Amino acid sequence: RQMCIRDSAQVIRPYLELLIPEDSNNPTILFFYVGAFGHLDLLQDIAEPYKDKIDWNFCNEYGKTLLHIHAQEGNLAIVDYLLNKGADYNKQTFCYEKRNEEDEEEDIFLDKTPLHYAAQYRQEAVVKRLLDAGSNVTIDDHFNKLPLHY
């Protein structure tokens, strides 16, 4: 993961074979962390030989998939790629976590779909792509908000 943060795609690419042995049963975690930092070309490099082993709907500790993350960030190229691979555009998040004991503000990720995040963060092109893919506009989140409410 740290390598993804520090280095460019050209530097990371030669290390992929070391990070995912050919007999690996689970390239999903590496796929997720490379994907979280927006390296579409590396996602494609990882996915091609392991496409039957990758869980396109793998969630982090907050219940977010790569589709949630890139819908929020407005990364249309990765959103499109994930949708074409079969990522679930109606998958809802599931985490509720207090940031710290002194802070009344809380991180709340309950029941949001990628469309909620795209709408909330005003990612118009991603909203359009998710709607074109068939995202359900009637799914509400934990606060009974539809994507339209954002």
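Described below are features of the structure shown in this document. Quick caveat: nothing in here was measured; it's all calculated off a predicted structure.

Here we look at the pattern of salt bridges
In step 1: Within this structure, the stated rule accounts for 3 salt bridges.
In step 2: Among the ionic pairs, Glu48 bridges to Lys51, the shortest N-O distance being 2.9 Å.
In step 3: Classification of Lys51 by relative accessible area gives partly exposed; the value is 38%.
In step 4: In this structure, the salt-bridge partner of Asp80 is Arg129, at a minimum N-O distance of 2.6 Å.

With respect to the environment of Gly86
In step 1: Locating Gly86 in the fold gives a position in the loop between helix H7 (76-84) and strand S1 (96-98).
In step 2: Separated by 31 residues in the primary sequence, Gly86 and Asp55 have C-alpha atoms spaced 9.7 Å apart.

Considering the side chain of His70
In step 1: For His70, the location among the structural elements is in helix H6 (residues 66-73).
In step 2: Look at His70 and you get buried, because its relative accessible area is 3%.
In step 3: In contact with His70, not counting residues within four places along its chain, are Gly35, Ala36, Gly38, Asn75, Ile78, Val79 and Val126.

Details of helix H9 (residues 124-133)
In an α-helix, one full turn covers 3.6 residues, which means residues spaced three or four apart are oriented alike.
In step 1: If you check which residues of H9 are buried, you get Val126, Arg129 and Leu130. Axial view of H9: buried residues confined to an arc of 95°, hence all on one face. In H9, the exposed residues that point more than 90 degrees away from the buried face are Glu124, Lys128 and Asp132.
In step 2: Buried residues in H9 make contact with H6, H7 and helix H8 (114-120).

About the cut-offs
- Every chain is numbered independently, its residues counted from 1 as its sequence is written.
- For a predicted model such as this one, the threshold for reporting local features is a pLDDT of at least 70, and the threshold for listing and counting side-chain atom pairs is 80 or more; totals across whole chains, interfaces and linings nevertheless cover every residue.
- Side-chain numbers here rest on the full set of heavy atoms in the structure, without hydrogens or water.
- Should a side-chain nitrogen of Lys or Arg be within 4 Å of a carboxyl oxygen of Asp or Glu, the pair is scored as a salt bridge.
- When a residue's accessible area, from a 1.4 Å probe over protein chains only, is under 20% of the maximum for its type it is buried; when over 50% it is exposed; and in between it is partly exposed.
- The way it works is that DSSP assigns letters per residue, a run of H or I at least four long becomes a helix, a run of E at least two long becomes a strand, and they are numbered from the N terminus.
- Contacts are assigned to residue pairs with any non-hydrogen atoms lying within 4.5 Å of each other.
- It is the directions from the helix axis to the C-beta atoms that the arc portrays.

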